[in-house]
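Each chain, letter by letter, is given below.
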Amino acid sequence: MNISNHGRSILHVDLDAFFVSVERVLDPRLYGRPVVVGGSPETRGVVAAASYEARQFGVHSAMPMGQAFRLCPDLIRVGGSHGMYSRASKAVFELIGNYTPLVEKVSVDEAYLDLSGTHHLFGNALDAADSMRREVKERLRLDLTIGISSNRLVSKVASGFAKPCGLFDVRPGQEPRFFAPLPVKVMPGIGPVTAKRLRDFHIDQLGVLASTAGWFLEEVFGSYGASMQRRARGVDETPVCPPWERPERKSLGHERTFAEDLDDLKVLRGRLQKLLEKACVELRAEGFLARTLSVKVRYADFVTETRDFTLPAPSDHDLEWWEVAQQQLDRMLKRRTLVRLLGVRFTGLERGFWQGGLFEKERVVQRERIAVQDKIRKKYGEQSVQSGDRLWLRNSL
Ligand SMILES: [Mg+2]
């Protein structure tokens, strides 16, 4: 079953309450107290990160700051120092890079490592992981949680169990047994909608999903059913892919054919905005800026139109691109025909992150909010950050 992963040691490393931990290094009085990083309640700020002490009161990321203070009146709020978080992250990954060059960073505080074949240098993966944790703690005063197994998927779930400040090792061959009793929703890729669908069929645990008849899953979920089942059995062959091994992308985009042809401009704009946000999230996740956006419209009679627009400076910013996209759409919809498809595509991709501009300070605040949204989307699924949040994004301009 899991033959190709035999002998592999894949680690998922995750810094605990990262922003809060960095703030504590800067101000040790914050240790042991309920701390959040985020904007003030007066400016409709949200929680970007919460310490474990704050989480005990029910405070969590993305919560409006006002609500956080109602849940925990003794809460200490810190404004946040984004440059410092980047520097701390860089220091951590430099240190981790001494253990293996095969590091795939997936966010500012999270990465996958392939330690296969390094035992002659650092002993087995468990020893290496333990020394990595101690080194990060002693030299940078940050807590690292690590999940270890033969593949990325199982290690990711394992680290979730080890948090905070722990180490969880799933021995080779034990992956299915580790997964079996877990609720289906712990599996990355199973969002609330799929979880509910599974529950409707009394598939509550990964072990049940693993042993459900394949034809049935295929009937209900299509080809996704088969891959979901493989993953429920603890099988994942995705390699750890350091940046230099990743093929460079030329473009990135999404399109959508509607269940029913549309002509309402407001609805069409809403659909376009969703596609654009999704593409912008991916740009940022992959560390790209784009120069050009193409908006595509296909009408009910299959006539297709595209319009390109190039910004003077490349960007990965939702709002900047939304203005462009909206104008393109408005200019295109001149035919009195229903629309069957909308699409957006970024080209002219460059490596980099958005650097700020004229209104540096406001922009940095916005940037942090977007980073939080992206994190939430990644964790809870595409639908978790919706128009309400777009509203506060816009209010912050
Ligand atoms: Mg973390």
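Summary of the structure given here.

Calculation notes
Residues numbered from 1 in each chain as written. Predicted model: local features only at pLDDT ≥ 70, side-chain atom pairs only at ≥ 80, totals over all residues. Heavy atoms only, no water. Helix = DSSP H or I, 4+ residues; strand = E, 2+ residues; numbered from the N terminus. Buried < 20%, exposed > 50% of the residue type's maximum accessible area, 1.4 Å probe, protein only. Areas by Shrake-Rupley, 256 points an atom, 1.4 Å probe, with all protein chains shown as cover. Donors = N, O, S within 2.8 Å, 3.2 Å for Na, K, Ca; no water. 1 Å grid on protein atoms, 1.4 Å probe; cavity = no way out; pocket = protein on both sides within 12 Å on 5 of 7 lines; lining within 4 Å. Points joined across faces, edges and corners; volume = space filled by probe spheres on them. Pairing = 2+ DSSP bridges. Axes fitted to C-alpha atoms, helices over the stretch in contact; angles between N-to-C directions. Contact = heavy atoms within 4.5 Å.

Quick word on the overall build of the protein
What the protein contains, in helices and strands, is 16 helices and 12 strands. With 397 residues in all, the protein has 45% of them scored as buried. Per element, the accessible surface of the protein, about 20400 Å² overall, is 54% carbon and sulfur.

Let's talk about the environment of lysine 90
Summarising the element assignment, lysine 90 is placed in helix α4 (residues 82–96). In sequence terms lysine 90 and aspartate 109 are 19 residues apart; their C-alpha atoms lie 9.5 Å from each other.

Details of the coordination of the magnesium ion
Distances from the magnesium ion to its protein donors, Asp14 (OD), Leu15 (O) and Asp109 (OD), fall at 2.2 to 2.5 Å. Read N to C, the donor residues that coordinate the magnesium ion are spaced as D-L-x93-D. With a gap of 95 residues between them, aspartate 14 in strand β1 (residues 10–15) and aspartate 109 in the loop between β5 (103–107) and β6 (110–114) connect regions that are remote in the sequence. With a relative accessible area of 6%, aspartate 14 lands in the buried category.

Side note on empty space enclosed by the protein
What the rule picks out here adds up to two cavities of 30 Å³ or more. In this structure, the second largest cavity spans a volume of roughly 30 Å³. Taken together, Met187, Pro188, Gly189, Ile190, Tyr224, Met228 and Arg231 form the lining of the second largest cavity.

Regarding the sheet that holds strand β7 (residues 144–149)
Spatially, β5-β6-β1-β7-β8 is the arrangement adopted by the five strands of the open sheet, whose pairing is mixed. Unpaired on one side and paired on the other, β5 and β8 (167–169) mark the two borders of the sheet. Strand-to-strand twist in this sheet, taken as the mean axis angle between neighbours without regard to direction, amounts to 15°. For β7 and β8, the ladder comprises three bridges, and the chain directions are parallel. Within β8, the residue paired with isoleucine 148 across the bridge is aspartate 169. Set on the sheet, helix α6 (residues 125–140) makes contact with β1, β6, β7 and β8; between it and β7 the angle comes to about 170°. On the sheet, helix α7 (residues 152–162) packs against β1, β5, β6, β7 and β8 and is oriented at approximately 140° with respect to β7.

Geometric descriptors of this kind do not, in isolation, establish any biological role.
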